[in-house]
Amino acid sequence: MEKLDGLWRRRVASLVEGGIIRSEAVRRAFLRYPRYLFVEKRYRDYAHVDEPLPIPAGQTISAPHMVAIMLELAELERGMNVLEIGTGSGWNAALIAELVKSDVYTVERIPELVEFARRNLERAGVKNVHVFLGDGTKGFPPKAPYDRIIVTAGAPKVPEPLIEQLKPGGRLIIPVGSHHLWQELYIMTKTEDGEVRKKRWGGVAFVPLMGEHGWRVVS
Ligand code: SAM
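Residues numbered from 1 in each chain as written. Predicted model: local features only at pLDDT ≥ 70, side-chain atom pairs only at ≥ 80, totals over all residues. Heavy atoms only, no water.

Student: So what exactly am I meant to see when it comes to the pattern of salt bridges here?
Tutor: In a structure, side chains of opposite charge can pair up when their charged atoms sit close to one another. Taken as a whole, this structure holds twelve salt bridges when the rule is applied. One salt bridge connects arginine 27 with glutamate 24, and the closest N-O pair in it is separated by 3.1 Å. Here glutamate 24 and arginine 27 lie together in helix H2 (residues 24-32), a separation of three residues that amounts to about one turn. Arginine 27 gets classed as partly exposed once you look at its relative accessible area, which sits at 29%. Accessibility expressed as a relative area gives 38% for glutamate 24, which makes it partly exposed. Glutamate 98 is the partner of lysine 101 in a salt bridge, and the nearest nitrogen-oxygen pair spans 3.2 Å. Taking relative accessible area as the criterion, glutamate 98 reaches 17% and is therefore assigned buried. (Salt bridge = Lys/Arg side-chain N within 4 Å of Asp/Glu carboxyl O. Helix = DSSP H or I, 4+ residues; strand = E, 2+ residues; numbered from the N terminus. Buried < 20%, exposed > 50% of the residue type's maximum accessible area, 1.4 Å probe, protein only.)

Here it is, written out as structure tokens:
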């Protein structure tokens, strides 16, 4: 554990030096919840490496730099109501919860990963993340509207329900692209009078967002 911790601290320091982690809040959250707590045992020694790693069901836990970039773009503040789509390992949700210090809702479409994330979150001592099984392209109406919606899988287009479930002044961060494994990261903002504005951050690579308003599941 000590060795893993040392390697993780070095990774966090390098993300700070590289200007990827810009805020003290994100730095602290990264130190509080190291990525090695959210991967299977056999991948723990690689958790500090700045690349995606496999998690069950053929999915991935994102690279530390990508998670840091999205969290910085989200500008999370204490008390915000946040929805994450694509729970995966639960790591990003744990970081969000540490930043907002309130309940976080996260939706995952693969039952095995819902269980995986719940186990990881429990082991890490995270109590304010609520993991739901479902199609996150429909958002999560019971807790809407949201200050922030963070999508961690690549969509062919921005799912309309996610825009609808944003508060005025709210922000949606989502990878969008016409190809399965390459997207552009969009930052969508809903203005106080309901207008939606889009900013493009740059190229990213996520696993596909499958579902009714995402890539269609071929059966
Ligand atoms: N945020 C995750 C973490 O911290 O480990 C990594 C997410 S992984 C890159 C993308 C996840 O999105 C996968 O677990 C995948 O099953 C999930 N996913 C894809 N389409 C989805 C949908 N429509 N609703 C919910 N989850 C979805």
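The structure having been displayed, the exposition proceeds.
Student: What's the story with the layout of surface pockets in this structure? I'm lost.
Tutor: Empty space among the atoms can be located by rolling a probe the size of a water molecule over them. Empty space within the largest pocket amounts to approximately 590 Å³. Lining the largest pocket are 38 residues, with Thr60, Gly86, Thr152, Ala153 and Val207 sitting closest to its centre. Counting only elements with at least two residues in the lining of the largest pocket, the list comes to strand S2 (59-61), helix H3 (64-74), strand S3 (82-85), helix H4 (91-100) and strand S4 (104-108). Among the elements that line the lining of the largest pocket, the one with the most residues is H3, at four residues. (1 Å grid on protein atoms, 1.4 Å probe; cavity = no way out; pocket = protein on both sides within 12 Å on 5 of 7 lines; lining within 4 Å. Points joined across faces, edges and corners; volume = space filled by probe spheres on them.)

Student: Can you walk me through the confidence of the model for the protein chain in this structure?
Tutor: Atom-level detail of predicted coordinates should not be read off regions where pLDDT is low. Within the protein chain, residue pLDDT values average 96, and 99% of them lie at 70 or more. Both scores are given for the predicted complex: the pTM is 0.97, the ipTM 0.99. (pLDDT = per-residue confidence, 0-100.)

Student: What exactly am I supposed to notice about the environment of histidine 48 here?
Tutor: By the element assignment, histidine 48 lies in the loop between H2 and strand S1 (53-55). Judged by relative accessible area, which is 18%, histidine 48 ranks as buried. Spatially, the C-alpha atoms of histidine 48 and leucine 4 are 7.8 Å apart, while their sequence positions differ by 44 residues. In contact with histidine 48, other than residues within four places in its own chain, are Leu7, Trp8 and Arg11. (Contact = heavy atoms within 4.5 Å.)

Student: Even after reading the chapter, I still don't get the nonpolar core, so can you show me in this structure?
Tutor: Nonpolar side chains tend to gather and get buried jointly when the protein is soluble and globular. Membership of the largest hydrophobic core comes to 52 residues, with the highest contact counts inside it found for Phe30, Leu71, Leu76 and Trp91. Where this core is concerned, the elements lending two or more residues are helix H1 (2-17), H2, S1, H3, H4, helix H5 (111-124), strand S5 (129-133) and strand S8 (182-190). Ignoring sequence-local partners within four residues, the contact set of leucine 71 consists of Val26, Phe30, Leu76, Asn92, Leu95, Ile96 and Leu99. Residues Tyr105, Val107, Leu172 and Tyr186 belong to the second largest nonpolar core, which totals 19 residues. (Core = buried A, V, L, I, M, F, W, Y, C linked by side-chain atoms within 4.5 Å.)

Student: Just checking my understanding: could you explain the site of the ligand for this structure?
Tutor: Around the ligand sit 27 residues, and of these Gly86, Ser89, Glu108, Gly136 and Met210 come closest. A distance of 3.0 Å separates an oxygen atom of the ligand from a polar atom in the backbone of asparagine 92. In this structure, a nitrogen atom belonging to the ligand sits 3.0 Å away from a side-chain N or O atom of aspartate 135. The protein chains hide 99% of the 610 Å² of surface that the ligand would expose on its own. Using a 2 Å cut-off from the grid points, one finds that the ligand occupies the largest pocket. The set of elements that each furnish at least two residues to the shell around the ligand consists of S2, S3, H4 and S4. Element by element, the count of residues in the shell around the ligand is highest for S2, at three residues. (Near = heavy atom within 4 Å. Polar contact = N/O pair within 3.5 Å; in protein donor to acceptor, adjacent residues only side chain to side chain. Areas by Shrake-Rupley, 256 points an atom, 1.4 Å probe, with all protein chains shown as cover. Sits in = over half its atoms within 2 Å of the grid points.)

Student: In this structure, what is going on with the pairing of strand S6 (residues 146-151)? I would like to understand it.
Tutor: Taken residue by residue, a regular strand's side chains alternate between the two faces of the sheet. With respect to burial, S6 is a largely interior element, six of its six residues being buried. Note: S3 against S6, four bridges, orientation parallel. Opposite glutamate 84, over in S6, you have isoleucine 150 as the bridge partner. (Pairing = 2+ DSSP bridges.)

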